[in-house]
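Chain residues, written in single-letter form:
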Amino acid sequence: MIKKLFFILSLITLVVANEIDDFEAEFNQVERVDKFYNYNKAVTSFNYAVYNMSLRPLSNIYNTITPPIVKKGVNNFFHNLGSPLRFITLYLSGEFKSGTAELGAFLGNTTLGLGGILRPFKYEKESDFGLMLARWGVPPGEHIVLPFLGPSNIRDALALPFDYALKPNFYLTNNASISVSTFGLIDKTSSNSALINEAYKSINPYVTIRDFYEKNRKELE
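Residues numbered from 1 in each chain as written. Predicted model: local features only at pLDDT ≥ 70, side-chain atom pairs only at ≥ 80, totals over all residues. Heavy atoms only, no water.

1. Topic: the packing of aromatic side chains
1) Next: With the rule as written, the count across this model stands at 12 aromatic pairs.
2) Next: Arranged with centres 6.2 Å apart and planes meeting at 40°, the rings of Y48 and Y51 form a pair that is tilted. Pair noted here: Y48 and Y51 are both in helix 2 (residues 37–65), with a separation of three residues, about one helical turn.
3) Next: Each residue in the set Y62, F77, F78 and F183 is aromatic and connected to the rest through ring pairs, giving one cluster. (Phe/Tyr/Trp six-rings, centres within 6.5 Å; stacked < 30°, edge-to-face > 60°. Helix = DSSP H or I, 4+ residues; strand = E, 2+ residues; numbered from the N terminus.)

Structure below.
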């Protein structure tokens, strides 16, 4: 009887110890991957204020006055505009089949699709320099929220200048580049307005957006 009791107590002690170790490991992991928590939360609040005062009303107006068929054409145009970034980084990632498919879709949509407004050739494979580095085995690093730009991580943030360098509107004149970029941002925001609004309604918007971003980027690698 005493031996059985001792065995049961030992088993309970082992289970509790394992639970404590798992909790400590999870706690340390949270601390390790979110060193900039306070900063990130503050910048998330700042970005929301900017969004609420500018992009949100603009995207609401855009959604209200723009016919769905026109919005679809605009969305197709900006998707096509990002194609060089996708096929170049896919090639650099060693994904030659995907890169060639993206290049073919870009050429077809640019010519037969009237500059990408129509989208007769569809190929879905997201890629950029951050994802390219991920496929090379570069870890994401700490999560960080960028003012005006939103959620990111160290790897993706350092890759941003290279992303911009492969976007055609980067090479337009200053006024034209700003206009096209702003229009593209309004189009993107209007397409995702429901998701953005839902995220900011959550108990902790920063954590919701952070987890969504990191999960989405991991799935795209």
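2. Some words on the confidence of the model for the chain
1) Next: Summing up the model confidence of the chain, the mean pLDDT is 87 and the portion of residues at 70 or higher is 85%.
2) Next: Here residues 1–31 scores under 50 on pLDDT; set against residues more than four positions off or in separate chains, the count is zero contacts. (pLDDT = per-residue confidence, 0-100. Contact = heavy atoms within 4.5 Å.)

3. Points about helix 2
1) Next: A rise of 1.5 Å per residue sets the reference length of helix 2, with its 29 residues, at 42 Å; its end C-alpha atoms lie 39 Å apart and thus fit the reference within 8%.
2) Next: The sharpest bend along helix 2 measures roughly 45° and falls at Y51.
3) Next: Contact partners of the buried residues in helix 2: helix 3 (68–81), strand 1 (143–146), strand 2 (150–153), helix 8 (174–191), helix 9 (193–200) and helix 10 (205–220). (Expected span 1.5 Å × (residues − 1). Bend = angle between axes of the 7 residues up to and from the residue.)

4. Considering the pattern of salt bridges
1) Next: Counted under the stated rule, the structure contains 10 salt bridges.
2) Next: In this structure, R135 and E95 form a salt bridge, with 3.6 Å as the shortest nitrogen-oxygen distance. Residue R135 is located in helix 6 (residues 129–135), and its partner E95 is located in the loop between helix 4 (83–92) and helix 5 (96–111); the two are separated by 40 residues in the primary sequence.
3) Next: Exposure remark for E95: the relative accessible area of 23% places this residue in the partly exposed category. (Salt bridge = Lys/Arg side-chain N within 4 Å of Asp/Glu carboxyl O. Buried < 20%, exposed > 50% of the residue type's maximum accessible area, 1.4 Å probe, protein only.)

5. A few points about the packing of helix 4 against helix 5
1) Next: Closest axis-to-axis distance for the helix 4/helix 5 pair is 7 Å, and the angle between their directions is 160°. By the angle between their axes, helix 4 is roughly antiparallel relative to helix 5. Helix-helix and strand crossings are classified by hand; for helix 4 and helix 5 the assignment is left-handed. Only F96, S98, G99, T100, E102, L103 and F106 of helix 5 make contact with helix 4, whose side of the interface consists of S83, P84, R86, F87, L90 and Y91.
2) Next: A class-by-class count of the residues in the contact of helix 4 with helix 5 yields seven nonpolar, four polar and two charged. (Axes fitted to C-alpha atoms, helices over the stretch in contact; angles between N-to-C directions. Parallel < 35°, antiparallel > 145°, perpendicular 65-115°, else oblique. Left-handed = near helix turned anticlockwise from the far one by under 90°. Nonpolar A, V, L, I, M, F, W, Y, C, P; charged D, E, K, R; others polar.)

6. Here's the deal with the pairing of strand 1
Each regular strand shows side chains that alternate between the opposite faces of the sheet.
1) Next: Covered by surrounding structure in strand 1 are H143 and V145 together with I144 and L146, the residues of both alternating faces.
2) Next: With four bridges connecting them, strand 1 and strand 2 associate as antiparallel partners. Opposite H143, over in strand 2, you have N153 as the bridge partner.
3) Next: Where strand 1 folds back onto strand 2 in an antiparallel hairpin, the turn is made up of three residues, including F148, whose phi is positive at roughly 70°. (Pairing = 2+ DSSP bridges.)

7. So, the packing of helix 9 against helix 10
1) Next: With their axes 8 Å apart at the nearest point, helix 9 and helix 10 run at an angle of 135° to one another. Relative to helix 10, the element helix 9 is oriented oblique. Contact residues: L195, A199 and Y200 in helix 9; P205, T208, I209 and F212 in helix 10.

8. Thoughts on the environment of D187
1) Next: Within the secondary structure, D187 is located in helix 8.
2) Next: Its relative accessible area of 4% is what places D187 among the buried residues.
3) Next: Considered as a pair, D187 and Y62 are 125 residues apart in the sequence and their alpha carbons are 8.0 Å apart.
4) Next: Leaving out residues up to four positions away in the same chain, D187 has contacts with Y62, K71, V74, N75 and F78.

9. Quick notes on a nonpolar patch on the surface
1) Next: A cluster of nonpolar side chains, namely F46, F148, L149, Y164, F170 and Y171, defines an oily patch on the protein surface of about 700 Å² accessible area.
2) Next: Looking at the secondary structure, you find F46 in helix 2.
3) Next: A relative accessible area of 38% means that F46 is categorised as partly exposed. (Patch = residues over 30% accessible without salt bridge, like charges linked within 9 Å, V, L, I, M, F, W, Y side chains within 5 Å. Areas by Shrake-Rupley, 256 points an atom, 1.4 Å probe, with all protein chains shown as cover.)

10. With respect to helix 10
1) Next: The end-to-end C-alpha distance of helix 10, which contains 16 residues, comes to 22 Å, matching closely the 22 Å that a straight helix rising 1.5 Å per residue would cover.
2) Next: Tucked into the core, helix 10 has its buried residues touching helix 2, helix 6, strand 1, strand 2, helix 7 (154–165) and helix 9.

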